[in-house]
Amino acid sequence: MTPAGGTTRHCRQLPFTIMAHRNSRARWPRPTLLLRSMAPAEVVTWAVRSGQLPLTSMASAENEVCTVRSVACPSQTWRPQKVQCGLSGAGQVPFTNMAAGVEGRGGVWMGSRADGPRTSGHVTGKMAVFPWHSRNRNYKAEFASCRLEAVPLEFGDYHPLKPITVTESKTKKVNRKGSTSSTSSSSSSSVVDPLSSVLDGTDPLSMFAATADPVALAAATDSSRRKRDRDDNSVVGSDFEPWANKRGEILARYTTTEKLSINLFMGSEKGKAGTATLAMSEKVRTRLEELDDFEEGSQKELLNLTQQDYVNRIEELNQSLKDAWASDQKVKALKIVIQCSKLLSDTSVIQFYPSKFVLITDILDTFGKLVYERIFSMCVDNRSVLPDHFSPENANDTAKETCLNWFFKIASIRELIPRFYVEASILKCNKFLSKTGISECLPRLTCMIRGIGDPLVSVYARAYLCRVGMEVAPHLKETLNKNFFDFLLTFKQIHGDTVQNQLVVQGVELPSYLPLYPPAMDWIFQCISYHAPEALLTEMMERCKKLGNNALLLNSVMSAFRAEFIATRSMDFIGMIKECDESGFPKHLLFRSLGLNLALADPPESDRLQILNEAWKVITKLKNPQDYINCAEVWVEYTCKHFTKREVNTVLADVIKHMTPDRAFEDSYPQLQLIIKKVIAHFHDFSVLFSVEKFLPFLDMFQKESVRVEVCKCIMDAFINALTLEDEKRMLSYLINGFIKMVSFGRDFEQQLSFYVESRSMFCNLEPVLVQLIHSVNRLAMETRKLMKGNHSRKTAAFVRACVAYCFITIPSLAGIFTRLNLYLHSGQVALANQCLSQADAFFKAAISLIPEVPKMINIDGKMRPSESFLLEFLCNFFSTLLIVPDHPEHGVLFLVRELLNVIQDYTWEDNSDEKIRIYTCVLHLLSAMSQETYLYHIDKVDSNDSLYGGDSKFLAENNKLCETVMAQILEHLKTLAKDEALKRQSSLGLSFFNSILAHGDLRNNKLNQLSVNLWHLAQRHGCADTRTMVKTLEYIKKQSKQPDMTHLTELALRLPLQTRT
C-alpha cells in the first residue's frame, strides 16, 4: 500500500488488504521520499500516522481494560516542534452549536460524514449558552499530592507477633463518713495471653461449669477420659477394610439361574398370650416345648424359587426376626435364627453359596445385636449407665442370668452348624460373664469347625468366626492363625472323592468350583495379615510350598498381605508361580495379583526388568482376549511407572496386536480406558506422550463415539486439570481453550499463527474457543512487539498486520454483542500499539457502528437484565482509549468522538433512564482531558493530539464548542426532570454535573461559575439532596481553595449555602 496522490494518511478504503498475506512485502515509502512533495502540515500528519506506536503497558490481550502510563512522546528530528493546524482545511467544515440554535435548528455532532451531510439535527430549543473553559491540569503535581505520606518506621520493641502487654487497673471504692467517694487504683504490667481467660475459668461456660453439680462434673470428666482411652486403644483402624465393603461385590458376582429351596418355620401360637401369668417353671417348660416342636418338623419347605424369590424370603425372615423381638417373642426369634443357620449346611446350588452366606449372616448379625442390647439394657439402673468398656463386675445379676440363659438355650441346639453360628453371633455377650470369656470361647468354636466335613462350608464358617473375632477381640491373633492352619490341613479335601462326586452330581467343573473360595479365604487372610509382622508372610510362604504351591492359596496370600512385603519378594513369588499347581486356577491370574501389588509398592530396582520379562512371557501367550486384557491392564501401570517410553510403546503394540483381531477391543472398552488413564497419569509432558509411536494407533481402537469422547476428555483433563459444571458444549470449549493455551512453538511466531488459523477452522461453531483464539492472537502480536522492543522490522510489521487481520475477520462471527464490542476495543488497542493506525481506526469504527445493535435486554447467567449499565461501562473504557488516538487528517478534528456522539444521540434509551446523560458527562471529562497541553498518559512512539496540535487555539476553541454542545444536552435533560416523580433524579444528576464542572472546568470564568452555583441550588431545591454529601463537597471546596492556584474557590464557597430539609 502506498499513499495516493501524496495523501498524508494511510489508505483507508481497504484497511486490511495488506494483512491478508503475512509475508507481503508491501511497505510505505521512506519518509525522505515524501518530504519533498509535502507541505509542512502534511509532513507532520504523515509522520504521526506512519510512526512506530507501541503501548508502554498493554493488558495481556484478555478481558482487562487496556492500561497505559504517562510517557512523553519522543521527539523526531524531521518533525516540526509545533504545528499550527488550520481547522478549516481539507475535509473539515465549521462546527455548529446546538445550544445556540444556529440556522434555526439544532446542530450536528460532526460537520461532514461519509454518507453526505447530516440533515436530521437534534433540536434542543432556545436556552442560555454557557461557554466551556477547561481547567489547566498539572498531573504530576496532582499525583504527588495524592501519594501517601512516607513515614519512617522505627524498629522498637513492638512486633505484631509478640505477646501483648496489658496494663491491668484495679479500682476500689472507699466510702467514708463525711467525705465523697474516692478511688484507689493499682497498676501492674505483665505479659498476658488474651486467650488465657478461657483457661482460668472466667469465661461464661467455665463459670457455668463451676456452679454445676460436682458429681455430674466428675462423671462428665470420667466419661470424656474413657472416650479418649477408647479412641487411643482402638486396634482396628480405618485402614482395615470392613466386611460391608465386600458384601455388595459378593452378591453381584455369585448368582445362579437354578431353582432354590427354603424351609419356613410354621410354629404354633403357644406362648404368645398369657405368658405373664405363668410361673417361672411353667414358662421355661413352655419354651423348651416350643423348641422341641420346632426341631420335630413344624416347618414348610418352599421349592422352585428363583434367586430373587429366595432373597425376598430371606429378607422376610429378617423382618420377622425384628418383629418377633419387638413383640417380646424371644423364642420365636431364636427359632428363626436357627432355621436360617441350617440353610448354610445346604450346598445343593453350590454356585450361589457365597451369596447365601452373606444373606444369612446379615440375620445372624441382627440377632447378635438384639441380644447384646437387651442384656446391656438390663445393667442400667436409676443411678448410672454401663460404660462401653465395662468389666463383668459392673453387670448385675439379672443381666448375667439372662446372658447364661441364652448360652444354655443355644447349647441345647442339636445340629452343629446352627449351634456354631448362633453362638458365634452372640460371642460379644461373654463380656457380661467373664473377662476371659471371649478368649476361651474362640478356640473352642475354632475346634467345633473341625466337625464340618464340607470344605466349602467349613471355610465360610471360619470366615464368619474371624469376622466376629476381629469385631470383639482383634488382639487375639492366635485364634485367627489357628483357623488358617486348620484350613490348610483340610485343604486337600477339595480334591477328594466326596467333593468331586458332589461336583459331578451338580455338573460343576473344578475351574468353576474353586472361585467360590476366594471371598472366605481373602477375608481370613485379611484378618491374619492386619498389622502382622513380615515374618508371618515368610511362614505362610513356607506352608504354601509344602502344599505344592497351590495357586488358590498363593493368590490369597498375595491379595491379603501388605504390598511392600510382596514387592520385596517379587522374584520369590514368581518362582512359586512357575512351580505351582494351576489346576482350576490359571497362572495368569496369579501374575495379575502380583501386578496389583507392584502397582502399589516398588520392587528392588535390580529385579524390575526381569520381573516384567517373566510376567509378560506368560501374558503375551494368552489366547483369550478377555483373559489377556484383564492381566495386561494391570501390568501397564508397572511398565509406565518404572520404564521409559520405549518399553511402554512395546506394551501398547502388544495390546493392539492381541485386541485388533475380530475387533475384540469392542468388548474391552473399560479395560482399554484404564490403560489410557494409567499411561497419561505417568506421562506429564504432552509432547513426550504423543511421541510414543503406538499411542495414537491405540486411540484408534476406540471406535464407539461416546467412548472416544470420554477418552478425549480424560486426556484433556489430565493435562489441563480443570473441568466445569456447565453444559457439555461449554465444558468442551473450556477444555479446548486450555489445550490452546498450552500449545507453544517458541519463537516461531508464524507457525503459532498458522496453528491459530487452523484451530479457527476446526472450532468455528464454539464461540468461547473463537474468543480465546482472538485473545491468543492479540497476545502473539504483543509478544512480537516486546521482542522487537517496539521497533518493528519489515517482516515483523507484516506479521503484526496479519495478526490484526485475523482478529478483524474473526470478531464478526461471534454472537455476543458485548463480546464483540470489547474485542473490537482490545484489538484496536493492540493494533495501535503495533503502529497499525488504519487498522486501529477500523476496529474503533466497527465498535461504534455496532452500538446501535445493542438490545435493551441481554441474557446474563440465564436471566434477562437491562443492557444500559453494561453499555455505559464499555463506553467509559472506550473514551479512555480515544484520548490517545491521533486524529485522521481527512476526517476532521476528533472525528471518532463525533461519530460516537452521533450514535449515542440516535440510540433509543429507556424513558426513565439517565445513562445517556452520564455518558455525556464522561464525554465532557474526555474533552477536558483533550484540551490539556500534555495528556495524562500516552503510548510510546505515538503522537497524540497534544503533540499534533500543540495546544493550538483553534483546536481548543473547537473542543470547547463541542463541550458546550454536550453541556446543552445535559442541561436540557435536567430541564425535563422538573417533575414531582423525577425531582430526586434531577437532584442527583445536578450534583454530579456540579462535581464534573468543579473537577474539570475553569471556574474563574464568570458564566461557568454562575452555572455551578445554579446547579448547587438545583440539587438542594426540593430537599432531595443528601445533606452529608453536600457538606463533604463544600468542605472539599474550602480545602482546595487554600492551594495557590485555587484561591478563586474561596468566593465560590461563600456562594454555596447549605439548606436543611426543613
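Residues numbered from 1 in each chain as written. Predicted model: local features only at pLDDT ≥ 70, side-chain atom pairs only at ≥ 80, totals over all residues. Heavy atoms only, no water.

Visitor: If you had to explain the overall build of the chain to someone new, which residues and values would you point to?
Guide: On a plain count of helices and strands, the chain comes out with 45 helices and 6 strands. Out of the 1062 residues belonging to the chain, those deemed buried represent 48%. Long-range pairs, those at least 24 residues apart, make up 72% of the contacts in the chain with a sequence separation of at least 6. (Helix = DSSP H or I, 4+ residues; strand = E, 2+ residues; numbered from the N terminus. Buried < 20%, exposed > 50% of the residue type's maximum accessible area, 1.4 Å probe, protein only. Contact = heavy atoms within 4.5 Å.)

Visitor: Describe the nonpolar core, and please don't skip the residues or the numbers.
Guide: In terms of nonpolar packing, the biggest core is built from 171 residues, with Tyr-513, Trp-635 and Val-655 touching the most fellow members. Sort the elements by how many residues they give to this core and helix α10 (residues 353–378) lands first, with 14 residues. In contact with Tyr-513, other than residues within four places in its own chain, are Ile-350, Asp-454, Pro-455, Leu-456, Ile-494, Val-499, Leu-503 and Val-508. (Core = buried A, V, L, I, M, F, W, Y, C linked by side-chain atoms within 4.5 Å.)

Visitor: Describe the packing of helix α33 (residues 767–787) against helix α35 (residues 817–833), listing the residues and the values that go with them.
Guide: It is the contact of α33 with α35, at a shortest axis distance of 10 Å, that shows an interaxial angle of 15°. Comparing their axes, α35 and α33 come out roughly parallel. Where α33 crosses over α35, the handedness of that crossing is left-handed. Where α33 approaches α35, its residues Val-771, Ile-774, His-775, Asn-778, Ala-781, Met-782 and Arg-785 are matched on the opposing element by Thr-819, Leu-823, His-826, Ser-827, Val-830 and Ala-833. Of the residues that constitute the contact of α33 with α35, the class distribution is 7 nonpolar, 5 polar and 1 charged. (Axes fitted to C-alpha atoms, helices over the stretch in contact; angles between N-to-C directions. Parallel < 35°, antiparallel > 145°, perpendicular 65-115°, else oblique. Left-handed = near helix turned anticlockwise from the far one by under 90°. Nonpolar A, V, L, I, M, F, W, Y, C, P; charged D, E, K, R; others polar.)

Visitor: So what's going on with empty space enclosed by the protein? Which residues, and what values?
Guide: Across all of its chains, the model carries 8 cavities of 30 Å³ or more by this definition. The space that makes up the second largest cavity amounts to roughly 60 Å³. Surrounding the second largest cavity, Leu-882, Val-885, Pro-886, Asp-887, Leu-894, Phe-895, Leu-896, Val-897, Met-930 and Asn-945 form its lining. Looking at the lining of the second largest cavity, the element that brings in the most residues is helix α38 (residues 895–906), giving 3 residues. Residues that form the lining of the second largest cavity fall into these classes: 8 nonpolar, 1 polar and 1 charged. (1 Å grid on protein atoms, 1.4 Å probe; cavity = no way out; pocket = protein on both sides within 12 Å on 5 of 7 lines; lining within 4 Å. Points joined across faces, edges and corners; volume = space filled by probe spheres on them.)

Visitor: So what's going on with the packing of aromatic side chains? Residues and values would help.
Guide: Applying the stated criterion across every chain, the model contains 36 aromatic pairs. Here Trp-616 and Tyr-628 contribute two aromatic rings whose centre-to-centre distance is 6.4 Å and whose plane-to-plane angle is 75°, an arrangement assigned as edge-to-face. In this pair, Trp-616 is assigned in helix α24 (residues 608–619) and Tyr-628 in helix α25 (residues 625–642), connecting sequence segments 12 residues apart. Judged on exposure class, the residue Trp-616 and its partner Tyr-628 are both buried. Judged by centre distance (5.7 Å) and plane angle (55°), the rings of Phe-755 and Tyr-756 are tilted. Each member of the pair, Phe-755 as well as Tyr-756, carries the same accessibility label: buried. Of the aromatic side chains, those joined through ring pairs into one cluster are Phe-240, Trp-243, Tyr-353, Phe-357, Tyr-460, Trp-523 and Tyr-530. Directly above the aromatic system of Tyr-372 lies the positively charged group of Lys-428, at a separation of 4.5 Å from the ring centroid. Over the face of the ring belonging to Tyr-907 we find Lys-856, whose NZ or CZ atom lies 4.5 Å from the ring centre. (Phe/Tyr/Trp six-rings, centres within 6.5 Å; stacked < 30°, edge-to-face > 60°. Lys NZ or Arg CZ within 6 Å of the ring centre and 35° of its normal.)

Don't take any of this as a statement about function, it's just geometry.
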